[in-house]
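# Architecture at a glance
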Amino acid sequence: AGLEAGADDYLSKPFHFRELQLRVERLLRHPYTTPVAERSSSLPAGTFQLANLRFEASQQPRLITPTGEVQRLSRGESALLHAFCRARGAPLSRAQLLQATGSLVIPGQTRTIDVRVSRLKRVLRELAGKDLIRPERGMGYRLVAEVKELTHGQPEIAPT
């Protein structure tokens, strides 16, 4: 029934720890597939313009203000912001955001993602001067800034 409901795998009790370990390792070898969230272990390189900020999702992710101020981002912050940029304004559930950060925590049993989003919101507010991430009641969170993916040689959006 669990597999029919969409689960990737399950383990019934009692179980051997080694079997659990092997199943988890097998699941981690195969990336999750969702349209908006990608595994953070290999963040794709890309540059996004959101509000008056440039977000470089590279090996050393950072936000750059119009004045050239650089704010380095943690891997988790970068994974969250990258998921928000890819969603292009669509709300993301806590489960999608946890998946984007590579977390194995069950969404209903933790508030970890809320703390991470709160930190990212604070960084964006300090740099952009306004709230760019808003909670969506019953859904999760939404990036409210216009997002544009920049390609090599393409001019940036003029600061607002």
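Described below are features of the structure shown in this document. These numbers come from a predicted model, not from an experiment.

### A short note on the nonpolar core
- Ranked by size, the top nonpolar core spans 31 residues in total, and within it Leu50, Phe55, Leu63, Leu81, Leu97, Leu124 and Leu132 carry the most contacts.
- Within the residue set of this core, elements represented by two or more residues are strand S1 (47–50), strand S2 (53–56), helix H2 (75–87), helix H3 (94–100), helix H4 (112–128) and strand S7 (140–143).
- Among the elements that take part in this core, H4 stands out by supplying seven residues, more than any other.
- When neighbours within four sequence positions are excluded, Leu81 is seen to be in contact with Leu50, Phe55, Leu63, Leu73, Leu120 and Leu124.

### Structural notes on the sheet that holds strand S6 (residues 133–136)
- With antiparallel pairing, the three strands of this open sheet are ordered in space as S5-S7-S6. Because the sheet does not close on itself, it has two edges, and the strands there are strand S5 (92–93) and S6.
- Pairing analysis gives four bridges linking S6 to S7, with the strands arranged antiparallel. Bridge pairing in S7 places Glu136 opposite Gly140.
- Set on the sheet, H2 makes contact with S5, S6 and S7; between it and S7 the angle comes to about 70°.
- Sheet strands touched by H4: S6 and S7. Its angle to S6, the strand with the most contacts, is close to 145°.

### Description of the side chain of Gln49
- Residue placement: Gln49 occurs in strand S1.
- Within the structure, Gln49 has its side chain in polar contact with the backbone oxygen of Leu53 (distance 3.3 Å).

### A short note on H4
- For H4, with 17 residues, the first-to-last C-alpha span of 24 Å sits near the 24 Å given by 1.5 Å per residue.
- By the burial criterion, the buried members of H4 are Ile113, Asp114, Val117, Leu120, Lys121, Val123, Leu124, Leu127 and Ala128.

### Regarding the sheet that holds strand S4 (residues 70–72)
- With antiparallel pairing, the five strands of this open sheet are ordered in space as S4-S3-S2-S1-S8. Since the sheet does not close on itself, it has two edges, and those belong to S4 and strand S8 (147–150), each with one partner. Direction aside, neighbouring strands of the sheet carry axes that sit 25° apart on average.
- The pairing of S1 with S8 spans four bridges and is antiparallel. Looking at S8, one finds that Thr47 is bridged to Leu150.

### Points about unusual backbone geometry
- Cis geometry marks the peptide bond from Lys13 to Pro14, where omega comes out at -15°.
- If you trace the backbone, Pro14 turns up in the segment before helix H1 (17–29).
- Of note, Ala51 is a non-glycine position whose phi angle comes to about 55°, a positive value.
- Inspection of the secondary structure puts Ala51 in the loop between S1 and S2.

### Topic: the packing of aromatic side chains
- If you walk through the whole model with that rule in mind, you get one aromatic pair.
- Summarising the aromatic geometry, the rings of Phe48 and Phe55 are spaced 6.1 Å apart at their centres and angled 20° between planes, so their arrangement reads as stacked.

### What to know about the pattern of salt bridges
- Evaluation of the coordinates by the stated rule reveals eight salt bridges.
- Across the salt bridge formed by Glu19 and Arg23, the nearest N and O atoms sit 2.9 Å from each other. In this pair, Glu19 and Arg23 are both assigned in helix H1, four residues apart and thus about one turn of the helix distant.
- A salt bridge links Arg125 to Asp131, with the nearest nitrogen and oxygen atoms 2.5 Å apart.
- Among the charged side chains, a salt-bridge network with shared partners connects Arg54, Glu56 and Arg62.

Rules used throughout
Residues numbered from 1 in each chain as written. Predicted model: local features only at pLDDT ≥ 70, side-chain atom pairs only at ≥ 80, totals over all residues. Heavy atoms only, no water. Core = buried A, V, L, I, M, F, W, Y, C linked by side-chain atoms within 4.5 Å. Buried < 20%, exposed > 50% of the residue type's maximum accessible area, 1.4 Å probe, protein only. Helix = DSSP H or I, 4+ residues; strand = E, 2+ residues; numbered from the N terminus. Contact = heavy atoms within 4.5 Å. Pairing = 2+ DSSP bridges. Axes fitted to C-alpha atoms, helices over the stretch in contact; angles between N-to-C directions. Polar contact = N/O pair within 3.5 Å; in protein donor to acceptor, adjacent residues only side chain to side chain. Expected span 1.5 Å × (residues − 1). Phe/Tyr/Trp six-rings, centres within 6.5 Å; stacked < 30°, edge-to-face > 60°. Salt bridge = Lys/Arg side-chain N within 4 Å of Asp/Glu carboxyl O.

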